[in-house]
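Fold and contact review
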Amino acid sequence: MKCQECSDQLLAYLEGELTMDERNRIDHHLSQCDNCRVIRDEISNACQSLDKLPKPSETMAKRFSAALSAYKSGQLEGIRLLEGEQRKRTWIESIARNGYAQAAVIIFAFLIGILVSQSISTQETNGNRFDVIETELASLKEFTALSLLTQTSAVERLRGLEWLSELNLESEQVLEALYDKLNNDPNINVRFAALETLDAYAEKEEVRRKLVQLLETPNLPMIRAELIKLLVRHAEKDSVPTLIQISQDANEDETIRELATWSSQVLQQMNTDEI
Amino acid sequence: MLQARNGDLETLNVLFERYCGMLYSFFMKRTQEHSLSEDLTQEVFLRVLRYRASFKDDGNFKGWLFGIARNIQNRHWEKRYTKSEILHEDIGNEEAIEIVDARDQPDAEASRSGDTALLYQALERLSEEKRQIVIMRRIQNLSYIEMARILDCEANQLRVRVCRAVAELAKHMKSLIKERPYEMPGMQ
Ligand SMILES: [Zn+2]
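Just so you know, these numbers come straight off a predicted model, no measurement behind them.

Observations regarding the overall build of chain A
Of regular secondary structure, chain A possesses 17 helices and zero strands. The buried share of chain A, reckoned over its 275 residues, is 49%. Entry remark: accessible area of chain A is about 14,000 Å², with carbon and sulfur atoms responsible for 50%.

Rendered as structure tokens:
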């Protein structure tokens, strides 16, 4: 056996991928060749180092499949209609006709896959078009995030919430998903994360109204406590009747009752101050 | 890639299989964060999905793909500088999270140690083709048969090619240690 033939098989040898026969031939060569033994040790060391590196998880591929099927399922029909050569050519032409050198650079960047960033969308002349693209991409991510919320792994669901909070979209579907996670997710961390994400939407009156409604439904005491605090933070005075009811409910958790009493007083106080 | 451009979404799954490991390692080298690297990898492919129509026939797909990756990486750093903290890390630190797949959790020690940085550096010294097969075999732990399917080549040839690539990687590691003898005390 020549050295080249031996060294080319050393990885498979170390990995146990060779037949008994092939293995014996390598062993025989190694027993006589210092050079190949050095190479074997080098390959073995490199493999040991590689083994210590973090590995991408299998769920990463699942997530991408989820995104693909969301895309395929036609929920993104609108986006798909916007795609394709024809449309691309039209808007490129329309910008090109305007003759902005900067715009040309932007189109070039777009074509080679460099992505549209905030700095570009601030350009008044053609900002709108890029905003449209960013919005389309955001809805693609929204669908992916929503599909993550249906995964069995809590880590995946948290990831979905995290994506949603980054997107900060105000779609009905997102809000419904968040309410559902807040009330029904089996994992408490996911419920907390859903509440945290909803906090960002609580400026809206309808969201606060819904949260007051959810306060009337059963949930884990820790979640209820956070929900009450959120409503106080957002000065939601419409929650007062519910809070009073909770504070008087003998079946209610003692801490929650105390918190509800305190919160209803604080909110009523705010009320009089405003008047 | 042209097929994907023409709307065959299944092709995108194959492209994902082919390049997700490389992209993940690309981001790991730069961020040292496992979940973040997975998210950024996903982000690259969402953009491939969204922008595949803009890929040119004669273009180099890998170049295009890593162009997107670099851009996402830059945007990520911009965001980091403007936002003091992202939710990502909050979740990472939650001890209470139910861990479904233990393999999801990277070896924290390994990801911080000096020889990890050196290894990623050595990997980047390999040609893209060699880096790809080393990552698939030794980081993603794919079988030669699986790799042969994804890359559309012969398993026996792959064994030799990966072996040569790992031997070359070992040489790069060696010379990198020589170049920076005091910074990498862990590697002897
Ligand atoms: Zn030899």
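A word on the coordination of the zinc ion
All names here are of chain A. Those donors, Cys 3 (SG), His 29 (NE2), Cys 33 (SG) and Cys 36 (SG), are the protein atoms that reach the zinc ion, and they lie 2.1 to 2.3 Å from it. Between the four donor atoms coordinating the zinc ion, the angles at the centre fall across 99 to 114 degrees, so the site counts as tetrahedral. Written as a sequence motif, the donor residues of the zinc ion are C-x25-H-x3-C-x2-C. A single burial state applies to His 29 and to Cys 33, both of which are buried.

Quick word on the confidence of the model for chain B
Interpretation of this model should avoid reading the predicted coordinates in detail wherever pLDDT is low. Residues and elements named next belong to chain B. Per-residue confidence for chain B averages 78 on the pLDDT scale, and 71% of its residues sit at or above 70. Within chain B, helix α8 (residues 128–139) carries the highest mean pLDDT (96), whereas helix α5 (residues 87–93) carries the lowest (40). Here residues 84–111 is a poorly scored stretch, pLDDT under 50, and it has 38 contacts once near neighbours within four places are set aside; other chains count.

Here we look at the packing of helix α11 (residues 154–167) of chain A against helix α13 (residues 188–199) of chain A
Helix-helix packing: each pair is described by the crossing angle between the helix axes and the interaxial distance. Residue and element names in this part refer to chain A. Contact geometry of α11 with α13 gives a least axis separation of 10 Å together with a crossing angle of 5 degrees. It follows from the interaxial angle that α11 and α13 lie roughly parallel. Side by side, α11 and α13 meet where Ala 154, Arg 157, Leu 158, Leu 161 and Ser 165 of the first sit next to Asn 189, Val 190, Ala 193, Ala 194 and Thr 197 of the second. Per-class residue counts for the contact of α11 with α13 are six nonpolar, three polar and one charged.

Things to note about the pattern of salt bridges
Summed over the entire model, instances satisfying the criterion amount to 27 salt bridges over all chains. A salt bridge links Glu 236 of chain A to Arg 208 of chain A; the nearest nitrogen and oxygen atoms lie 2.5 Å apart. Here the residue Glu 236 of chain A occupies a position in the loop between α15 (221–233) and α16 (240–248), and Arg 208 of chain A occupies one in helix α14 (residues 205–215), the gap between them amounting to 28 residues. This pair shows no difference in class: Glu 236 of chain A is buried, exactly as Arg 208 of chain A is. For Glu 124 of chain B, the salt bridge is made with Lys 29 of chain B, and the minimal N-O distance between the two is 3.8 Å. Linking Glu 124 of chain B in helix α7 (residues 114–125) with Lys 29 of chain B in helix α2 (residues 9–31), this pair joins segments that are 95 residues apart in sequence. Given a relative accessible area of 29%, Glu 124 of chain B falls into the partly exposed group.

Things to note about the nonpolar core
Counting residues in hydrophobic clusters, the biggest one holds 115 residues, and the most contacted among them are Leu 211 of chain A together with Val 44, Leu 123 and Leu 169 of chain B. If you tally residues by element for this core, the top one is α2 of chain B, at 12 residues. With near-sequence residues (within four places) excluded, Leu 211 of chain A lies in contact with Tyr 179, Leu 182, Leu 198, Leu 227, Leu 230 and Leu 231 of chain A.

Observations regarding the packing of aromatic side chains
Evaluated as defined, the whole model comprises seven aromatic pairs over all chains. Residues Phe 64 of chain A and Phe 16 of chain B carry aromatic rings whose centres are separated by 4.6 Å and whose planes lie at 10 degrees to one another, so their mutual orientation is stacked. One end of the pair, Phe 64 of chain A, is in helix α5 (residues 58–72); the other, Phe 16 of chain B, is in helix α2, on a second chain. For the pair Phe 64 of chain A and Phe 16 of chain B, one class covers both residues: buried. Three or more aromatic residues link up through ring pairs in this structure, and these residues are Phe 64 of chain A together with Phe 16 and Phe 45 of chain B. The ring of Tyr 13 of chain A is capped by Arg 23 of chain A, whose NZ or CZ atom sits 4.7 Å from the centre of that ring. A cation over a ring is seen here: Arg 30 of chain B above Phe 26 of chain B, with NZ or CZ 3.7 Å from the ring centre.

Regarding α13 of chain A
Residue and element names in this part refer to chain A. The terminal C-alpha atoms of α13, which comprises 12 residues, lie 17 Å apart, in line with the 16 Å expected from a rise of 1.5 Å per residue. Along α13, the residues that are buried comprise Asn 189, Val 190, Arg 191, Ala 193, Ala 194, Leu 195, Thr 197 and Leu 198. Those residues of α13 that are buried lie in contact with α11, α12 (172–184), α14 and α15. Near the N-terminus of α13, the side chain that reaches the backbone nitrogen of Asn 189, with its oxygen 2.7 Å away, is that of Asn 187.

Description of the state of the cysteines
As enumerated under the stated definition, the model contains zero disulfides over all chains in all. With no disulfide partner, Cys 47 of chain A has as its closest neighbouring cysteine sulfur the one in Cys 163 of chain B, 8.6 Å distant. According to the relative accessible area criterion, Cys 47 of chain A is buried, its value standing at 7%.

Quick word on the environment of Glu 203 of chain A
Residues and elements named next belong to chain A. Looking at the secondary structure, you find Glu 203 in the loop between α13 and α14. For Glu 203, a relative accessible area of 63% corresponds to the exposed category. Expressed as a C-alpha distance, the spacing of Glu 203 and His 234, which sit 31 residues apart in the sequence, is 7.3 Å. With near-sequence residues (within four places) excluded, Glu 203 lies in contact with Arg 208 and His 234.

Let's talk about the confidence of the model for chain A
Residues and elements named next belong to chain A. Summing up the model confidence of chain A, the mean pLDDT is 76 and the portion of residues at 70 or higher is 72%. The least confident element of chain A, judged by mean pLDDT, is helix α9 (residues 118–121) at 36; the most confident is helix α2 (residues 10–14) at 97. Note on residues 75–127: pLDDT is under 50 here. Beyond four places in sequence and across chains, it has 68 contacts.

What counts, and where the lines are drawn
- Residues numbered from 1 in each chain as written.
- Chains lettered and ligands numbered in written order.
- Predicted model: local features only at pLDDT ≥ 70, side-chain atom pairs only at ≥ 80, totals over all residues.
- Heavy atoms only, no water.
- Helix = DSSP H or I, 4+ residues; strand = E, 2+ residues; numbered from the N terminus.
- Buried < 20%, exposed > 50% of the residue type's maximum accessible area, 1.4 Å probe, protein only.
- Areas by Shrake-Rupley, 256 points an atom, 1.4 Å probe, with all protein chains shown as cover.
- Donors = N, O, S within 2.8 Å, 3.2 Å for Na, K, Ca; no water.
- Tetrahedral: all angles 85-135°; square planar, octahedral: opposite > 155°, others 65-115°.
- pLDDT = per-residue confidence, 0-100.
- Contact = heavy atoms within 4.5 Å.
- Axes fitted to C-alpha atoms, helices over the stretch in contact; angles between N-to-C directions.
- Parallel < 35°, antiparallel > 145°, perpendicular 65-115°, else oblique.
- Nonpolar A, V, L, I, M, F, W, Y, C, P; charged D, E, K, R; others polar.
- Salt bridge = Lys/Arg side-chain N within 4 Å of Asp/Glu carboxyl O.
- Core = buried A, V, L, I, M, F, W, Y, C linked by side-chain atoms within 4.5 Å.
- Phe/Tyr/Trp six-rings, centres within 6.5 Å; stacked < 30°, edge-to-face > 60°.
- Lys NZ or Arg CZ within 6 Å of the ring centre and 35° of its normal.
- Expected span 1.5 Å × (residues − 1).
- Polar contact = N/O pair within 3.5 Å; in protein donor to acceptor, adjacent residues only side chain to side chain.
- Disulfide = S-S within 2.5 Å.

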